[in-house]
Amino acid sequence: MTTPGTEEPTLTVDELAARAGVTVRTVRFYGTRGLLPPPAIGPRRVGHYGPEHLSRLALIEQLQRHGMTLSAIERYLSQLPPDLSEDDLALHRALVASWGPDAPEETTREQLDRRAGRELTEEDIDRLAALDALERTDDPDRFRIDPKVLHLGLRLLDVPIEMETIRTAHAVVLEHTRSAARELSRLFRDEVWGPERDHESGSGPERMQAKKSLSAHMQPLVVEALVIAFQRSMKHELRAWYGQDAD
């Protein structure tokens, strides 16, 4: 099991596979292909894996959802710095996830427990639901999950934050991201697209296709810009917070 608050590699290969929702054979295969860094070798030559391995597996899963072959994923990962942290890998996964449409899936309580690495309580389920990582169904042992959010939600389960704080933080994120999306959409509609482009694109299917093409090109770029800007803003706020505590 992982230990909250530490980055030490403490997962066995069986635990890592269960948390990632893959088989042990898959983990070992990815290791031989160089998709996963080697584990830390502990007593009795037992390999131990850490959060960065779990994040890398989540990134590989996201890339596969977009139809990338293992060879293409190898090339993608080989371009990343070898010492990327768990958080850096999570940012890459978020950017990759922005390329595709939402695709809800169904899962069982047992499968969720394996992904979490422990038996989830009703409070845990409530926390995941508050983050929109899952939705309850009529069957108490089956849930609809958002694969894009579930990995993040499971990581947050061990963070000592009250449920009300989670709901408030979630509302803040939704409010400001929706506001940014509205303003950026207005900007592209009025300033980038504009009457001239509307005239050039003609009417009917051609006009709609031109707008979809612009949206497809701009969406990942806008998401990347927002993530980078937010990351920098958070670092600025955290530095100010640390400085205040130090004083």
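Model, not experiment: these values are computed from the prediction.

Engineer: Give me helix α4 (residues 70-78): which residues, what numbers.
Structural biologist: All buried positions along α4 are accounted for by Ala72, Ile73, Tyr76 and Leu77. Taken down its axis, α4 places every buried residue within 130 degrees of arc, on the same side. The exposed set on the far side of α4, more than 90 degrees from its buried face, consists of Arg75 and Ser78.

Engineer: Break down the nonpolar core for me, with residues and values.
Structural biologist: Counting residues in each nonpolar core, the largest one holds 21 residues, and the members touching the most others are Leu16, Val27, Leu57, Leu59 and Leu77. For this core, the secondary-structure elements that each account for two or more residues are α1 (13-20), α2 (24-32), α3 (51-65) and α4. Per-element tally for this core: the top contributor is α3, with five residues. Those residues in contact with valine 27 that sit more than four places away from it in its chain are Val13, Leu16, Ala17, Val22, Leu36, Tyr49 and Leu57. Grouped together as the second largest cluster of nonpolar side chains are 12 residues, Leu112, Leu134, Ile145 and Leu150 included.

Engineer: Just give me the short version of the environment of isoleucine 125, but keep the residues and values in it.
Structural biologist: On the secondary structure map, isoleucine 125 appears in helix α7 (residues 122-130). Once the C-alpha coordinates of isoleucine 125 and glycine 153 are considered, the two residues, 28 residues apart in sequence, prove to be 9.9 Å apart.

Engineer: So what's going on with the sheet that holds strand β3 (residues 105-108)? Which residues, and what values?
Structural biologist: Pairing within the open sheet is antiparallel, and its three strands lie in the order β3-β5-β4. Single-partner strands in this sheet number two, and they are β3 and β4 (134-136). Averaged over all adjacent pairs, the angle separating strand axes in this sheet is 35 degrees, with direction ignored.

Engineer: Which residues make up the environment of arginine 115, and what values do they have?
Structural biologist: Residue position: arginine 115 is located in helix α6 (residues 109-116). Residues arginine 115 and alanine 17, 98 residues apart in the sequence, show an inter-C-alpha distance of 8.5 Å. Those residues in contact with arginine 115 that lie beyond four places of it in its chain are Ala18, Arg19, Ala20, Gly21, Glu61 and Leu154. A polar contact of 3.0 Å, which involves the side chain of arginine 115, links it to the backbone oxygen of arginine 19.

So, how was this worked out
Residues numbered from 1 in each chain as written. Predicted model: local features only at pLDDT ≥ 70, side-chain atom pairs only at ≥ 80, totals over all residues. Heavy atoms only, no water. Buried < 20%, exposed > 50% of the residue type's maximum accessible area, 1.4 Å probe, protein only. Helix = DSSP H or I, 4+ residues; strand = E, 2+ residues; numbered from the N terminus. Arc of directions from axis to C-beta. Core = buried A, V, L, I, M, F, W, Y, C linked by side-chain atoms within 4.5 Å. Contact = heavy atoms within 4.5 Å. Pairing = 2+ DSSP bridges. Axes fitted to C-alpha atoms, helices over the stretch in contact; angles between N-to-C directions. Polar contact = N/O pair within 3.5 Å; in protein donor to acceptor, adjacent residues only side chain to side chain.

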